[in-house]
Amino acid sequence: MNVTILKQTVRANYKLWIIFTVVLSVLNAVLIAVFEPSTLTNMADMVKDTPLASLLGDTSFLGMLAQTFYSIHGVILPLIFIIMTANSLVASQVDKGSMAYLLSTPIKRTTVVRTQALYLITAISTMFVIVTLAGIVAIHVSQGELGTYIADYIALNVGLFLLMFATSGISFMFSCIFNLSKHSLALGAGIPVVFFLFHLMAQVSDSLEGLKYLSVNTLFDTAAILSGESFWLQFTILGIVGIVIYIIGIRFFGKKDLPL
């Protein structure tokens, strides 16, 4: 790791990170405040004995949160941040020529790319720590009985972080592989978006359920977390996938020919 490069990277990306972190934290807190016990009861009564009842699924507090924030909003927003940041850290700099200036110094290219990877991982992990803390405060204020939800709530956030960690590895790897932003974004953004859509489609229709096996998002199983089933194997796989893909990207960048 190079401290100077890390500081420069933080300065170049902190505004984007703050925006997404604040939006995620506020959205999470608002949804927690909205899903009050009385609201959930009324919602369940309204759709009882109607086709909407099956679509609504788990009408518990964390169940509703899992079907909204942890399935849609909490995936899409970090995904956008990851795609934009991962591309800007490596491929965009090679594309624009700024990487040539950076590598003209005595700093090794592997040190440069490891520092960029460290920034992305740290940015994502810090983002989810803040989102989790904001959510815990919101639960304490709006739900009252914090101890009833805290373990599962933290597990949901850990699982979402690991999913984003693995996803960021994909975007970062393609940013390291390609020298042009358009190629980096085509796969670094395309594959994670396809994973998200496959997972969403598999949940909407039984006929499309097979698509879930084509998406890494399936490893973040919110239903298993809330029902008390084992989920640590899936979490471990997500962590391993992220680590392996980051390593592949770093090594590829260290050996490839650069148009410098």
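Residues numbered from 1 in each chain as written. Predicted model: local features only at pLDDT ≥ 70, side-chain atom pairs only at ≥ 80, totals over all residues. Heavy atoms only, no water.

(A) Main features of a positive patch on the surface. A contiguous patch of positive charge, built from Lys 108, Arg 114, Arg 251 and Lys 255, is present on the exposed surface. Looking at the element boundaries, Lys 255 is found in helix α12 (residues 232–255). (Patch = residues over 30% accessible without salt bridge, like charges linked within 9 Å, V, L, I, M, F, W, Y side chains within 5 Å. Areas by Shrake-Rupley, 256 points an atom, 1.4 Å probe, with all protein chains shown as cover. Salt bridge = Lys/Arg side-chain N within 4 Å of Asp/Glu carboxyl O. Lys, Arg positive; Asp, Glu negative; His and termini not counted. Charge placed at Lys NZ, Arg CZ, Asp CG, Glu CD. Helix = DSSP H or I, 4+ residues; strand = E, 2+ residues; numbered from the N terminus.)

(B) Main features of a nonpolar patch on the surface. A surface patch of nonpolar side chains, amounting to about 540 Å² of accessible area, comprises Val 10, Tyr 14, Ile 18, Val 22, Val 26, Val 30 and Val 34. Counting through the fold element by element, Val 22 comes out in helix α1 (residues 3–34). For Val 22, a relative accessible area of 45% puts it in the partly exposed group. (Buried < 20%, exposed > 50% of the residue type's maximum accessible area, 1.4 Å probe, protein only.)

(C) Region of the structure containing α12. Between the first and last C-alpha of α12 there are 35 Å, a value that for 24 residues agrees with the 34 Å anticipated at 1.5 Å per step. Within α12, the full set of buried residues consists of Gln 234, Phe 235, Leu 238, Gly 239, Gly 242, Ile 245, Tyr 246, Gly 249, Ile 250 and Phe 253. (Expected span 1.5 Å × (residues − 1).)

(D) Focus on the packing of aromatic side chains. With the rule as written, the count across this model stands at 11 aromatic pairs. Here Tyr 70 and Tyr 153 contribute two aromatic rings whose centre-to-centre distance is 6.4 Å and whose plane-to-plane angle is 80°, an arrangement assigned as edge-to-face. Within this pair, whereas Tyr 70 is found in helix α4 (residues 61–89), its partner Tyr 153 is found in helix α8 (residues 146–177), the two being separated by 83 residues in sequence. Neither Tyr 70 nor Tyr 153 differs from the other in exposure class; each is buried. Ring geometry for Phe 231 and Phe 235: centres 4.9 Å apart, planes at 55°, overall tilted. Residue classification places Phe 231 among the buried positions, given a relative accessible area of 11%. One aromatic cluster is present, formed by Phe 128, Phe 161, Phe 165, Phe 172 and Tyr 246 through successive ring pairs. Here the basic side chain of Arg 109 rests over the ring of Phe 253, its NZ or CZ set 5.9 Å away from the ring centre. (Phe/Tyr/Trp six-rings, centres within 6.5 Å; stacked < 30°, edge-to-face > 60°. Lys NZ or Arg CZ within 6 Å of the ring centre and 35° of its normal.)

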